[in-house]
Amino acid sequence: MSAHREILFGLYDDETDLLSAVKEANARHLHIDNVYSPFPVHGLDPLLGLQESRLHQAGFVYGAIGMLTAFLFMTWVFTRDWPIIFGGKPYWSVPAFIPITFELTVLFASIGMVVTYYAVNGQGPGVTNAVLDDRITDDKFCISFDAGHASEEEVSKFQQFLTESGAKEIRTKTI
Amino acid sequence: MSAVISPIRDPLITGHKDYHQITEDICAPSERTPSAAWVTAFLISVAVLSFGVFCILWTIWFGIGTWNLNRTIGWGWDITNFVWWIGIGHAGTLISAILLLFRQKWRTGVNRAAEAMTIFAVLCAALFPGIHVGRIWVVFYFFPYPNTRGPLWVNFNSPLLWDLFAISTYFTVSLLFWYTGLVPDFATLRDRATGVRKKVYNFLSFGWTGAAKHWQRFESLSLVLAGIATPLVLSVHTIVSFDFATSVIPGWHTTIFPPYFVAGAIFSGFAMVLTLMIITRKILNLEDYITVEHVDSMNKVILLTGSIVGVAYITELVIAWYSGYIYEQFAFANRVQGVYWWAYFGMMTCNVLSPQLFWVRKFRRNIAFTFFMSIFINIGMWFERFVIIPTTLARDYLPSSWSYYVPSWVEIGIFLGTLGIFFTLYLIFTRVAPVVAIAEVKAILKSSGDQYAGEHAKQGHTAHDTHSHEEENLVH
């Protein structure tokens, strides 16, 4: 992140509290910056308006590339570059190409998806992202608001919401 | 927070844990100084590993003439051990991928350690093809790369090459899957650590924050990786079996090999998972997370796959007899009552008879008995590969070529060495990483914790709260 951002956040003790708080925030038309949790909370995505991840579509494309790479390469080697007869079978012995074609499909799809996943998450070896509270990876559930880009009136609304929705701790942090 | 709580399922997390207690319990082993038991085990493993390395260097220096292979028996302990280790690895992928697709919650207690086991087992397995070709310094000839010999390509029609691709893909995918799951848990360790430890875990956790969108992608990635790892794991042992099945050796050239190998692999892998888990849960005080319920479930898988393997053995015999092909008939008669009858007897006893004891619920839930059985099955599955490989080769078509094979000290040393490598890596893993997937266990707490599910659940604390949420989610 380039510019520093001032984040107002509240910590909740349970995912059920978190879910009802997010619903309450939606009802009050407050713009939630982000929600953090120690494990995936099911039912949160539609409340936050998150669209389904397109990672699996990317995976399909990578897999297709892997499949074509393997199959076309073996075809080229055994029909164009250096045709050899093995065991009296045709040069272009398609059934024998299936295992390697399958393996490379899986390999390309997996590597491609994992690399894409870390890239779009902004994560990777050596990356340090700001952590709002150390207990978010332990037992706290966090709703955060971008207080730096909000008017004073909005910030007080955020604060009022956090208090009323049962946040156990409310803090501000510049990240 | 999956909300359907079955009244007949036993809880998978005992001890009335809350989220914080789960973090404390699972992080504890990597945050305290190693126990005397760990240090002793580590020193023994490293010693055995060192002897293995010595034997490998001996092999490389003097050549594979230091092994007792001969012109008739070209594959001995090397390929036996290779297949044995690869098979062991399969349980990890089954638990992490196939059981994820089947939504089996008990996988969360054991998947992390089982996946680690897969990776270490595949490493041990991959060692054998590398050294048994004799000239390890040109081992890169395995791979198709542009070269100055034409370029002369590898034979893409050969099952041995398929195997190379299968195993390297399997290793890579298992590693990616395992590490992706580890990242959130490394972040948990990072946020509890100070000083150098914090720096190390900060590097390992890749900047994980736990944001909602990241968790969504995390789950999507896990599901798709599980979806493609499932056919992958089935393909790997299928292709290993092709190494034998596509040859024209009586006793190997059979169509039953792929399913039979895959079932055997899962069978032996679960036995190794149980061996490791029973020790791990005891030493790391994780009995609340790896419960008798988990052991029971794994024993059921052992019973199923053991029975499949048993049926396969008997089918092989019947089909050999029914084929009317004398070489095939001789190969099987020879396995049962030839010079290596004791290996066949060991295989049948350990793999076919012993798992049948698990029909009894009391045995399935007995930890000491299960531990004993898991060792027994590991031995049995090693015998299976020994029966298939050297004992079949020992009595080939020509009686003048018949031979007998016992391993040399170098071969035994290399096998022991792989056990050393495996346990050394596993012990390091138990120190560095959370042995149980923290985030995944937390995610099933509300449906499988003993205060929510099972007979000791607190009244009025269970299904209703979570149910209403789930129903609302379904509406969305």
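The structure we're discussing is the one just above.
Residues numbered from 1 in each chain as written. Chains lettered and ligands numbered in written order. Predicted model: local features only at pLDDT ≥ 70, side-chain atom pairs only at ≥ 80, totals over all residues. Heavy atoms only, no water.

K.L.:
Quick question: what am I supposed to make of the overall build of chain A here?
P.N.:
The secondary structure content of chain A amounts to five helices and four strands. From first element to last, N terminus to C terminus, chain A shows the α and β order β-α-β-α-α-α-β-α-β. The C-alpha atoms of chain A give a radius of gyration of 25 Å, which is well past the 16 Å a tight globule of 175 residues would have. In terms of overall dimensions, chain A has a C-alpha envelope of 80 × 30 × 25 Å along the principal axes. For chain A, the residues scored as buried account for 46% of the 175 residues in total. (Helix = DSSP H or I, 4+ residues; strand = E, 2+ residues; numbered from the N terminus. Rg over C-alpha atoms; globule rule 2.2 N^0.38 Å. Buried < 20%, exposed > 50% of the residue type's maximum accessible area, 1.4 Å probe, protein only.)

K.L.:
I'm lost on the side chain of Thr108(B) in this one. Help?
P.N.:
Residue and element names in this part refer to chain B. Tracing the backbone through its elements, the reader meets Thr108 in helix α4 (residues 107-132). A distance of 2.8 Å separates a polar atom in the side chain of Thr108 from the backbone oxygen of Lys105. Leaving out residues up to four positions away in the same chain, Thr108 has contacts with Val436, Ala437, Glu440, Val441 and Ile444. (Polar contact = N/O pair within 3.5 Å; in protein donor to acceptor, adjacent residues only side chain to side chain. Contact = heavy atoms within 4.5 Å.)

K.L.:
Honestly, the pattern of salt bridges in this entry has me stumped. Any pointers?
P.N.:
When their charged atoms lie close together, side chains carrying opposite charge are able to pair. Scanning all chains against the criterion turns up 24 salt bridges over all chains. The partner of Glu440(B) in a salt bridge is Arg107(B), and the shortest N-O contact between them spans 3.0 Å. Of this pair, Glu440(B) sits in helix α15 (residues 438-448) while Arg107(B) sits in helix α4, and the two are 333 residues apart along the sequence. Of the residues examined, Arg107(B) reaches a relative accessible area of 6% and is grouped as buried. In this structure, Glu316(B) engages Arg335(B) in a salt bridge whose closest nitrogen and oxygen atoms are separated by 3.7 Å. Here Glu316(B), found in helix α9 (residues 292-323), pairs with Arg335(B), found in helix α10 (residues 326-337); they are 19 residues apart in sequence, far enough to count as distant. Relative accessible area serves as the criterion here: at 6%, Glu316(B) is assigned to the buried category. Several salt bridges share partner residues, and in doing so they unite Asp133(A), Arg135(A), Glu169(A) and Arg171(A) into one network. (Salt bridge = Lys/Arg side-chain N within 4 Å of Asp/Glu carboxyl O.)

K.L.:
Hey, could you run me through the nonpolar core in this one?
P.N.:
Inside soluble globular proteins, nonpolar side chains tend to come together where they are buried. Counting residues in each nonpolar core, the largest one holds 182 residues, and the members touching the most others are Ile143(A), Trp85(B), Phe156(B) and Phe270(B). Looking at this core, the element that brings in the most residues is helix α5 (residues 159-192) of chain B, giving 16 residues. Looking at which domains feed residues into this core, each of domain 1 (6-51 + 129-174) and domain 2 (55-121) of chain A gives three or more. Contacts of Phe156(B), omitting those with residues within four sequence positions, involve Phe73(A), Met74(A), Val77(A), Phe78(A), Ala96(A), Phe97(A), Ile100(A), Pro144(B), Leu161(B) and Trp162(B). Grouped together as the second largest cluster of nonpolar side chains are eight residues, Ile7(A), Leu132(A), Ile136(A) and Cys142(A) included. (Core = buried A, V, L, I, M, F, W, Y, C linked by side-chain atoms within 4.5 Å. Domains from an automatic or database assignment.)

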